[in-house]
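A structural walkthrough
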Amino acid sequence: MRKQSDPSGERLLIDYFYLPAPPDEETPEARRRKKKKRGKLPEDEVEPIEPRKKRYRIQQITGGFAVTKGEKDAPVPELLDIRVAYVVRRGRALGQYDPADFKLNKSPISFEPPPVGASIQNCSKNRAVLEVTDPDFHISVVGFDANRDLFIDVDVKPKPNADDPEV
């Protein structure tokens, strides 16, 4: 049973072949395109977003890594929370950290030379928290296995206020 008769035969094989719609007819696809265009702002009205300036840099050095000051006008971080692990083939490196690999507060790992413009607040296992005291800070950590790649995660945190009660 046919749904509708088509004397011209234009719609006879429409399920098998594509026929472009005549220009005077507006297809559902054309209507969707118009709706999308209406919602967008012209490029002249879009305000560009300035990228956030980097507050620190991580550099590879022989046997370890260094964390130094970032871009020129970037705000100075108050605390740097550094976590380190050896890269693993499967899974997350920090999740696969094994204390038998290394401990930041035990030999052969060391902060050499001692941090400049920063002081160590806490250091245990694969985590070190350092307070930045000078905008031109430099932190070097050496003594890692040279045959393995390091995964270094640095988070910038605000200093805790002495007035605020701990939660």
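For the structure, see preceding data.
Below is a summary of the structure that appears in this document. Every value quoted in this text rests on a predicted model; they were computed, and no experiment measured them. Residue indices follow the written sequence of each chain, beginning from 1 at its first position. The predicted nature of this model means local features are confined to residues of pLDDT at least 70 and side-chain atom pairs, given and counted, to a pLDDT of 80 or more, with totals for whole chains, interfaces and linings taken over all residues. Hydrogen atoms and water are omitted, and side-chain values are computed over all heavy atoms in the structure.

Here we come to the environment of Gln 59. Under the scheme used here, helices are H or I runs from DSSP no shorter than 4 residues and strands are E runs no shorter than 2 residues, and both carry numbers assigned from the N terminus. By secondary structure assignment, the location of Gln 59 is in strand E1 (residues 56-61). Sequence separation of Gln 59 and Ser 140 is 81 residues, and the distance between their C-alpha atoms is 9.2 Å. Only heavy atoms enter the contact rule, under which two residues are in contact if any of them lie within 4.5 Å. Excluding its chain neighbours within four sequence positions, the residues that come into contact with Gln 59 are Phe 65, Ala 66 and Thr 68.

Turning to the sheet that holds strand E7 (residues 150-157), a few remarks are in order. Sheet architecture is open: four strands sit in the order E4-E5-E3-E7, paired in antiparallel fashion. Taken across any chain shown, the strands that pair with only one partner, and hence form the sheet edges, are strand E4 (118-124) and E7. Neighbouring strand axes in the sheet, compared pairwise and without regard to direction, differ in orientation by 20° on average. A pair of strands counts as paired when DSSP detects no fewer than two bridges linking them. Of the pairings in the sheet, the one linking strand E3 (residues 79-86) to strand E5 (residues 127-132) comprises five bridges and is antiparallel in character. Across the sheet, Ile 82 pairs through a bridge with Ala 128, a residue of E5. For helices, the axis comes from a line fit to the C-alpha atoms of the stretch in contact; other axes are also lines fit to C-alpha atoms, and the angle between any two N-to-C directions lies between 0 and 180 degrees.

Our next topic: the pattern of salt bridges. What counts as a salt bridge is simple: a side-chain nitrogen of Lys or Arg found within 4 Å of a carboxyl oxygen of Asp or Glu. For the structure on display, the rule yields six salt bridges. Close ionic contact of Asp 136 with Lys 69 constitutes a salt bridge, the shortest N to O distance being 3.0 Å. Highlighted residues: Asp 136 in the loop between E5 and strand E6 (138-142) and Lys 69 in strand E2 (residues 64-69), separated in sequence by 67 residues. A salt bridge links Arg 83 to Asp 153; its shortest N-O distance comes to 3.0 Å. You can see Arg 83 sitting in strand E3 and its partner Asp 153 sitting in strand E7, a full 70 residues away along the chain.

Moving on, we get to the packing of aromatic side chains. Two rings from Phe, Tyr or Trp (for Trp, the six-membered ring) form a pair when their centres sit within 6.5 Å of each other. Planes less than 30 degrees apart are called stacked, planes more than 60 degrees apart edge-to-face, and all others tilted. Under the criterion given, the structure shown has five aromatic pairs. Centroid distance Phe 65 to Phe 144: 6.0 Å. Interplanar angle 35°. Geometry classified as tilted. In this pair, Phe 65 sits in strand E2 while Phe 144 sits in the loop between E6 and E7, placing the two residues 79 residues apart along the sequence. With relative accessibility at 7%, the residue Phe 144 sits in the buried group. Measuring from ring centre to ring centre gives 6.4 Å for Tyr 86 and Phe 144, while their planes differ by 90°; the resulting arrangement is edge-to-face. Of this pair, Tyr 86 sits in strand E3 while Phe 144 sits in the loop between E6 and E7, placing them 58 residues apart in sequence. With respect to burial, Tyr 86 and Phe 144 carry one shared label: buried. The rings of Phe 65, Tyr 86, Tyr 97, Phe 102 and Phe 144 are connected pair by pair, giving a single aromatic cluster. Type-normalised accessible area, obtained with a 1.4 Å probe on protein chains alone, sets the label of each residue: buried when under 20%, exposed when over 50%, and partly exposed for intermediate values.

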